[in-house]
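Descriptive analysis of the structure
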Amino acid sequence: MRHNIGWVLAEQGRLAEAERSFHLALELSDDELGHVRAVTLNGLGYVCFDQGRLAEAAEYFGAALRINQKTGRQKSLLANRSNLGMVLRQLGHESAAEEHLRAALDGHRRTSNINGELAALEELSLLHAQRGHSAAAVSAAEQGYDLAVIARDQRAQAALLIAFGEAKLGAGDVPSAQEAFQRVLALAEEFPFLTTRATIGTANALLALGGNAGARRHVERALEEARRRGYVVLEADALSTQARCVATEDPAAAARLAAAAVTLYRAAGAEPMAARVETEHSRQSQ
């Protein structure tokens, strides 16, 4: 079925092709308010999310959720709540994100849906880290990773290792963060979005350890991959890290890179990330 092709293409990082496939699936579908349409809308939400089109992603996820509310498909409805939590977190609507994520986590646990529980724990970890709650972020990531190992879900293991690494980096435990990111790079070669995130994480860890040259190599690789695949928010992440790499030796270049990152974040609607980069650059330039 056409929507299944879209999911395969999205997983491979072929986002433009995936988006065309999903739109074609909607055009060909006579399932106006049914499961296939909701799944296809959900796929479009993921494609937009990976491309940094966060407001559009929220619209697609919301449309899928409304269909599942009408049809009463609880498993799909809970997945939609996780997805909305994911995009609302990046848009800066943290309270709404937490409401969706906790409802999804509780529902998945009641119904013993391990895959759904993994997705909710990953996003809760990232939300805690975004709020500066490092201990809670580490705890959620550890819970999720242990569950992913039991479930033998390689993609979830990689995603939760990234969440764990980012939480540890925020807590100042750089060696643990670096180890987590390196494990992702060895584990998730077939998931380009995750390996790009882990490459940026490795660059940030190396920078924290004083390994500026290594950090530059990693972030340049990540930037090239993000641009090639259209990962707009990850491109901004990489530019932000590049700015910190050159801040001491070339403040003007750092300012240009930070400004470019902020522009991309704001274009995506990721205001918390834009504000973080502005604050970091202001602090470094003083």
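Coordinates for the structure precede this section.
Let me begin by describing the structure that accompanies this report. (Residues numbered from 1 in each chain as written. Predicted model: local features only at pLDDT ≥ 70, side-chain atom pairs only at ≥ 80, totals over all residues. Heavy atoms only, no water.)

Our next topic: the overall build of the chain. A tally of regular secondary structure across the chain gives 15 helices and zero strands. If one aligns the C-alpha atoms of the chain with their principal axes, the spans along those axes are about 60 × 35 × 35 Å. Here the chain, with 286 residues, has 53% of them falling under the buried criterion. Sequence separation of at least 24 residues holds for 54% of the intrachain contacts in the chain that already meet a minimum separation of 6. With an accessible surface of roughly 13000 Å², the chain has 50% of that area assigned to carbon and sulfur atoms. (Helix = DSSP H or I, 4+ residues; strand = E, 2+ residues; numbered from the N terminus. Buried < 20%, exposed > 50% of the residue type's maximum accessible area, 1.4 Å probe, protein only. Contact = heavy atoms within 4.5 Å. Areas by Shrake-Rupley, 256 points an atom, 1.4 Å probe, with all protein chains shown as cover.)

Time to look at the packing of aromatic side chains. Scanning the entire structure with this criterion turns up two aromatic pairs. Look at F193 and Y231: their rings are 5.0 Å apart centre to centre, the planes differ by 85 degrees, and that puts the pair in the edge-to-face class. Pair noted here: F193 is in helix α11 (residues 192–208) and Y231 is in the loop between α12 (212–229) and α13 (232–246), with a separation of 38 residues, a long-range link. In this pair, the class of F193 matches that of Y231, namely buried. (Phe/Tyr/Trp six-rings, centres within 6.5 Å; stacked < 30°, edge-to-face > 60°.)

With that settled, the discussion passes to the packing of helix α7 (residues 114–130) against helix α9 (residues 154–171). Relative to each other, α7 and α9 sit at 15 degrees, their axes nearing to 9 Å. Taken together, the axes of α7 and α9 are roughly parallel relative to one another. Regarding α7 and α9, the two cross each other, and that crossing is left-handed. Of the residues in α9, those in contact with L118, L121, E122, S125 and L126 of α7 are A156, A159, L160, A163 and E166. Residues belonging to the contact of α7 with α9 are distributed by class as follows: seven nonpolar, one polar and two charged. (Axes fitted to C-alpha atoms, helices over the stretch in contact; angles between N-to-C directions. Parallel < 35°, antiparallel > 145°, perpendicular 65-115°, else oblique. Left-handed = near helix turned anticlockwise from the far one by under 90°. Nonpolar A, V, L, I, M, F, W, Y, C, P; charged D, E, K, R; others polar.)

With that settled, consider the packing of α11 against α13. For the pair α11 and α13, interaxial distance at closest approach is 10 Å and the crossing angle is 15 degrees. By the angle between their directions, the pair α11 and α13 is classed as roughly parallel. Viewed along their axes, α11 and α13 form a crossing whose handedness is left-handed. Residues F193, T196, R197, I200, A203, N204 and L207 of α11 touch α13, and the partners they reach there are L234, D237, A238, T241, R244 and C245. Classifying every residue of the contact of α11 with α13 by side-chain character gives seven nonpolar, three polar and three charged.

Attention shifts here to the environment of R37. Among the secondary structure elements, R37 is positioned in helix α3 (residues 35–50). For R37, a relative accessible area of 18% puts it in the buried group. R37 sits 183 residues away from E220 along the chain, and the two C-alpha atoms are 39 Å apart.

It is worth spelling out the nonpolar core at this point. By size, the foremost hydrophobic cluster in this structure holds 59 residues, and its most contacted members are L41, L54, V87 and Y265. Sort the elements by how many residues they give to this core and helix α4 (residues 54–71) lands first, with nine residues. Non-local contacts of Y265, meaning those with residues more than four positions away in its chain, are made with V233, A236, D237, S240, A270, M273, A274, R276 and V277. Among the nonpolar cores identified, the runner-up in size contains 25 residues, and L118, A141, Y145 and F191 belong to it. (Core = buried A, V, L, I, M, F, W, Y, C linked by side-chain atoms within 4.5 Å.)

Before going further, it helps to examine α3. With 16 residues, α3 extends 23 Å between its outermost C-alpha atoms, agreeing within 8% with the 22 Å of an ideal straight helix rising 1.5 Å per residue. Phi turns positive, to about 80 degrees, at G52, one or two residues after α3. (Expected span 1.5 Å × (residues − 1).)

Attention now goes to the side chain of Q51. With respect to the secondary-structure elements, Q51 resides in the loop between α3 and α4. The exposure class of Q51 is buried, given its relative accessible area of 14%. In this structure the side chain of Q51 is engaged in a polar contact, spanning 2.4 Å, whose partner is the side chain of R53. For Q51, the contacting residues outside a window of four places in its chain are L15, A16, E19, G230 and V232. (Polar contact = N/O pair within 3.5 Å; in protein donor to acceptor, adjacent residues only side chain to side chain.)

Tracing the chain through its elements places A103 in helix α6 (residues 94–110). Remark: the alpha-carbon pair of A103 and A120, spanning 17 residues in sequence, is separated by 9.2 Å. Once residues lying within four places of it in the same chain are set aside, the contact partners of A103 are L78 and R81.

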